[in-house]
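# A closer look at the structure
What follows is the residue order along each chain.
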Amino acid sequence: MSASIVNDFSLRIATPNGTGSQTSNLIIFRSLFHMGLAPSAKNLFPSNIQGLPTWYQIRVSDAGWQARREEWQVMIPLNPMTFAQDLRESLPGTVVIDNADQKGVDAALFTGLTRYSVPFDSIAREGISDAKLRPRMRNLIYVGVVAELFGIPEPSLRAAIDAVFPKKKEVADSNFEAAMLGMRHVREKIEKRDPYRFAPADQTAGKILIEGNDAAALGCVFGGCSVVSWYPITPASSLAEYLIGHLAKMREKDADGSNRYIVIQAEDELAAIGMAIGANWAGARAMTSTSGPGISLMSENLGLGYYAEIPCVVFDVQRVGPSTGLPTRTQQSDLLQVAFQSHGDTRFPMLFPADAKEAFELSTAAFDLAEHYQTPIFVMSDLDLGMNLWVSDELEYPTTPIDRGKLATDEVLAKLADWGRYLDVDGDGVPYRTVPGKTTDPRTAHLTRGSGHDEQGRYSEDPAVYARNLDRLARKIDGTVDRLPEPVLHAAKGKKKKGAGGGELGLIAFGTTDHAVREALAGMSSPPPYLRLRAWPFHASVGDFIREHERVLVIEQNQQGQVAHLLRMAFPELAPRIESSRYYGGLPLSAAFVRGALELEPAKA
Amino acid sequence: MSEAASEAPSAASAPKTNRLGLTKDQYGGAPSTMCKGCGHDRISEAVIQAAFEVGLDAKSLIKMSGIGCSSKTPAYFIGRALGLNSTHGRMPSFATGAHVANRSMTALGVSGDGDTASIGMGQFVHLVRRNARMVYIVENNGVYGLTKGQFSATADRASPSKRGAHPTEEAIDLCGLALELGCGFVARSFSGDKKQLVPLLEAALSFDGLAFIDVISPCVTFNNHDASTKSYTYIKEHDVHFHDPAYVASFEHIDVEYEPGAAIDVKLHDGSRLVLRKLEKEYDPTSRAEAARVLGETRSRGEVLTGMIHIATDKPTLISGAKLSKTPLAMLGEKELRPSKQALAKLMGSYRF
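The structure reproduced in this document is the subject of the present report.

Quick notes on the rules
- Residues numbered from 1 in each chain as written.
- Chains lettered and ligands numbered in written order.
- Predicted model: local features only at pLDDT ≥ 70, side-chain atom pairs only at ≥ 80, totals over all residues.
- Heavy atoms only, no water.
- Helix = DSSP H or I, 4+ residues; strand = E, 2+ residues; numbered from the N terminus.
- Buried < 20%, exposed > 50% of the residue type's maximum accessible area, 1.4 Å probe, protein only.
- Contact = heavy atoms within 4.5 Å.
- Buried area = accessible area lost by both parts, 1.4 Å probe.
- Salt bridge = Lys/Arg side-chain N within 4 Å of Asp/Glu carboxyl O.
- Nonpolar A, V, L, I, M, F, W, Y, C, P; charged D, E, K, R; others polar.
- Pairing = 2+ DSSP bridges.
- Core = buried A, V, L, I, M, F, W, Y, C linked by side-chain atoms within 4.5 Å.

### Observations concerning the environment of Gly-294 of chain A
All names here are of chain A. With respect to the helices and strands, the residue Gly-294 is situated in helix H10 (residues 292–308). Under the relative-accessibility criterion, Gly-294 is labelled buried at 0%. Non-local contacts of Gly-294, meaning those with residues more than four positions away in its chain, are made with Ile-233 and Glu-269.

As structure tokens, this is what we get:
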């Protein structure tokens with residue numbers, strides 16, 4: 001047998017959704033984490049409740065890379081609907097663990113593959129007495145097979161099962177027994193003919209397991225959010241649902257048990273954003289969480305937020321568009337929409353978290369930014385970050401106190417010579433904001449409106465007044481770069497990378513593509529410098545980075561090269577240097593794609 | 001009842017003040033930009049009068065509106081209060097958000113029939129279902145004024161435009177709809193009937209829940225010709241009401257003298273009372289079924305039912321259902337809002353293996 005391949009392979013498990021495979025896959029994942037491995041888990045599920053294909057890819061690597069690996073080394077094709085496709089798509093040498101009890105299987109499909117055929121149904125029939133439980137438990141058998149074949153120790157398996165069923169010992173016991181059936185079958189009936197092995201590792205010190213939406217929800221709690229208005233939409237729903245749970249447990253209640261927050265499930269996204277903006281106007285930190293289609297609906301009300309200068313935090317957990325698109329696939333394709341949404345000259349700052357820890361940090365920061373700049377702020381997450389389970393650094397407590405921004409309280413007004421709701425007294429473009437109940441000064445009474453207004457908030461159709469106000473708004477948004485998170489530079493090591501066309505190359509990416517990018521660069525002898533954007537509008541340092549390179553390649557997950565467009569817009573004199581490499585297939589980005597993008601850099605004449 | 005407190009017949013004296021020491025003028029706002037004779041201005045006057053009489057503190061009021069002629073009017077009353085003129089058809093959501101952010105504020109919203117019954121129909125329905133506490137006034141003229149006279153969804157089929165065209169769709173009766181949705185305060189009035197409208201507004205300000213008042217408000221520019229079912233003439237001729245409303249504020253100690261059975265006395269949550277003096281025919285407005293029956297009957301006779309159509313004070317509200325803190329969320333500080341460092345550290349324990 002060839003030499004072992006240890007901790008460097010990926011498994012792809014195909015099952016119909018709604019059959020309990022989710023639990024089994026999670027158990028495998030957690031067992032590996034228990035062994036000290038930092039696996040990557042990508043759940044590829046359909047937009048359906050039950051019966052359509054699901055694929056789960058678990059991947060282990062030497063450095064705990066979290067990106068998806070394109071090819072798989074082990075295939076478990078337990079969905080008859082996709083059986084033939086799963087085998088045809090498997091590369092030669094792939095290990096296949098198939099269901100020996102499946103009828104009508106064309107053996108020719110296994111040519112070139114290493115086949116372990118396991119009679120899952122028979123084992124289940126013999127070993128699981130409760131007929132009602134059998135369909136669910138059947139999936140635990142393949143967990144046991146995987147454990148025994150590739151070396152997951154029993155204690156890790158048991159610990160994982162206990163973690164998945166923390167309060168149900170009997171259920172955990174029956175699950176473990178089902179898994180044992182699979183382990184026993186391998187011990188007694190199967191001879192290992194493949195090189196793949198798991199071995200204990202040291203990748204998990206100080207790490208946690210958390211979904212991106214969960215981390216973002218926690219960020220809202222620690223960001224002082226007290227009003228949540230939302231409408232369910234894949235892949236954003238779980239953010240609101242986690243938030244509901246966290247608020248109930250972590251937000252201290254009044255002595256009589258009353259809640260210091262409220263959650264309203266709105267009738268649609270227009271209502272959700274209306275409530276969030278209305279609540280912010282009245283002085284409570286409010287948020288909503290949605291995806292592309294919801295943002296489209298929110299456009300008009302967000303324009304009011306921009307022009308009337310009302311804070312708000314909106315999460316866009318991006319999915320594949322346009323229109324209904326692919327609700328369960330990931331993309332980074334709402335950037336242009338969000339940046340300039342709503343009619344007229346608007347701009348909406350965006351934050352780009354790359355991992356769960358940043359989802360937490362930037363979520364908390366978003367509330368301060370929204371109130372400081374008195375404007376809606378967007379946290380641009382995506383389905384990959386939001387709904388997959390990530391190995392992450394522990395979340396850290398905020399280092400700065402809550403910043404409510406410039407409020408027109410009586411104390412502040414007493415010191416100001418002049419005040420108007422839209423008057424720039426400090427020269428930073430940011431006025432002093434009124435909140436009902438926070439001031440008694442009669443000067444502050446006014447009607448907040450989305451129609452044209454003067455510095456005092458009075459209706460005005462005067463061209464000069466209108467232009468002055470709009471220009472101040474533009475200055476205000478320009479000024480957000482002072483507080484928006486700065487980009488992260490991964491400087492070049494050793495020799496600087498030349499693009500295929502000659503000349504120095506720089507790489508730009510943002511959001512979850514970071515994992516694939518860093519993995520690709522780690523495998524190169526002379527990787528290009530890589531700048532990871534964390535916000536828009538862009539810092540001046542982004543322009544500096546582009547200026548330092550003859551050519552800059554933007555890696556992004558959309559068809560139109562949206563961030564490349566934004567960069568060219570921001571730095572027009574540098575536009576010719578900017579190209580984008582675009583993946584938009586809807587799957588989480590792989591390092592292979594990035595490597596391909598760097599190697600295929602077109603030569604310039 | 002409250003009237004008795006204001007109109008003293010003595011000659012030239014200092015302007016009357018309410019229990020806050022304010023005059024009625026101090027409840028005014030900016031000059032109106034409505035057309036001369038517009039019904040909306042009469043409604044604004046009624047709001048001013050109601051607010052003055054009950055001694056409303058402007059600092060505790062938030063004025064809400066959508067988009068349209070009537071949505072401009074919050075600028076013309078109670079200028080000392082803050083307000084949010086939102087987007088077309090979306091006042092319910094903004095008002096709901098503002099309300100839950102600061103439950104100590106009284107929300108008073110002005111909308112039109114286009115704003116509420118067309119683009120805003122969905123949000124109106126869900127606002128009523130949620131029973132968020134606010135005064136919701138629809139200034140109903142059967143047309144879109146600002147965009148120059150198109151029919152609205154409340155325009156009756158029988159009601160021709162100035163050029164003789166008729167609506168081709170069934171009219172929406174907002175009171176009937178609100179009733180159907182379980183609204184606990186359904187009233188209709190007329191911009192020309194202050195005697196009826198002011199006590200209804202006062203009761204609405206006291207009501208703990210959604211208080212809906214459909215106020216027919218003739219559009220003198222586009223829809224006040226005699227044939228229009230939303231004209232002054234038509235309303236005067238077809239208005240029917242079964243009770244005369246009167247409002248007794250909680251701080252007033254006035255004995256209402258009626259014979260037993262001659263009036264329905266509804267106690268409101270803040271201790272004030274809505275007294276409905278029965279007229280010749282009568283029905284029990286606290287009964288939703290009765291209200292629905294009478295509404296249906298009057299409608300089929302071409303009559304316009306006004307007054308307190310239905311009132312029920314026992315419905316759970318949005319914030320009672322959410323067990324919301326008595327302290328307005330907007331007033332909470334970092335100590336109340338941000339969990340401790342220890343809490344985060346403890347939570348992290350549950351995310352490690």
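### A short note on the interface of chain B and chain A
With 54 residues of chain B at the contact, the number on the chain A side is 73 residues. If you sort the residues of chain B by the area they bury against chain A, Arg-338, Tyr-351 and Phe-353 of chain B come out on top, with a joint share of 16%. Across the contact surface, chain B and chain A share 2 salt bridges. With a shortest N-O distance of 2.6 Å, Arg-130 of chain B and Glu-267 of chain A are connected by a salt bridge. Elements that contribute at least two residues to the side of chain B that touches chain A include exactly strand E1 (61–65), strand E2 (82–85), helix H4 (91–101), helix H6 (121–130), helix H11 (318–321), helix H12 (334–337) and helix H13 (341–349) of chain B. Ranked by the residues each element gives to the side of chain B that touches chain A, the list is headed by H4 of chain B, at 7 residues. In terms of residue class, the side of chain B that touches chain A is made up of 28 nonpolar, 14 polar and 12 charged. Across 3 bridges, strand E18 (residues 447–449) of chain A lies against E2 of chain B in parallel orientation. Considered in E2 of chain B, the bridge of Arg-449 of chain A is made with Asn-85 of chain B.

### Here's the deal with the pairing of strand E3 (residues 106–112) of chain B
All names here are of chain B. Counting buried residues in E3 gives 7 out of 7 residues, a clear majority hidden from the surface. Residues of E3 alternate between two faces, with Thr-106, Leu-108, Val-110 and Gly-112 on one and Ala-107, Gly-109 and Ser-111 on the opposite face, all of them buried. The pairing of E1 with E3 spans 5 bridges and is classified as parallel. If you follow Lys-63 over to E3, its bridge partner there is Leu-108. Taken together, the 5 bridges between E3 and strand E4 (residues 134–140) define a ladder with parallel strand orientation. Looking across to E4, one finds that Gly-109 is bridged to Tyr-136.

### Some words on the nonpolar core
All names here are of chain A. With 99 residues, the main nonpolar core has Met-350 and Leu-567 as its most contacted residues. Here this core gets 8 residues from one element, more than from any other, and that element is helix H9 (residues 269–281). Beyond its immediate stretch of four places on either side in the chain, Met-350 contacts Leu-335, Val-338, Ala-339, Phe-378, Met-380, Arg-534, Ala-535, Trp-536 and Leu-566. Counting 56 residues, the second largest nonpolar core, distinct from the first, contains Ile-27, Val-74, Leu-78 and Val-391.

Limitation: the analysis is restricted to geometry and does not speak to function.
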